[in-house]
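Observations on the three-dimensional arrangement
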Amino acid sequence: MSDYNKKTADTIYWCMVNTFCERGKFYPDKNFGSRIFETLTNKRLMLSYIKMALSKIDGVYVKDMTYVPIENLITINVLINNEERQVYVTI
């Protein structure tokens, strides 16, 4: 795996972790994570919480997301250094 692909894979991993981790539950940094668990019924608010959580990661821009309640699957479409990628999170 090239260094470039490893950086992209690491960025996708941190996007997953930041989305899945509940904000305020990580002891060293209370601002780490997202608040998506507070609103699984409001997709616009979920998108806003995801954007807030991922805004600290350099080179990442959140385009949109989809949530499938039956599967508890969130698909986040992001731009990582201007390349479109998808991040999958199961909650």
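Everything below is about the structure shown above.
Residues numbered from 1 in each chain as written. Predicted model: local features only at pLDDT ≥ 70, side-chain atom pairs only at ≥ 80, totals over all residues. Heavy atoms only, no water.

A closer look at the pairing of strand S3 (residues 83-90)
- Note that strand S2 (residues 73-80) and S3 share eight bridges and pair antiparallel. Across the sheet, the residue bridging to Ile-80 is Glu-83, located in S3.
- What sits between S2 and S3 in their antiparallel hairpin is a turn of two residues, with Asn-81 showing a positive phi close to 50 degrees. (Pairing = 2+ DSSP bridges. Helix = DSSP H or I, 4+ residues; strand = E, 2+ residues; numbered from the N terminus.)

Thoughts on the pattern of salt bridges
- The final tally for this structure, using the stated rule, is four salt bridges.
- In this structure, Asp-10 and Lys-6 form a salt bridge, with 3.3 Å as the shortest nitrogen-oxygen distance. One end of the pair, Asp-10, and the other, Lys-6, are both in helix H1 (residues 3-20), four residues apart, so they sit about a helical turn from each other.
- The closest approach of N and O atoms between Arg-85 and Glu-83, which form a salt bridge, is 2.8 Å. (Salt bridge = Lys/Arg side-chain N within 4 Å of Asp/Glu carboxyl O.)

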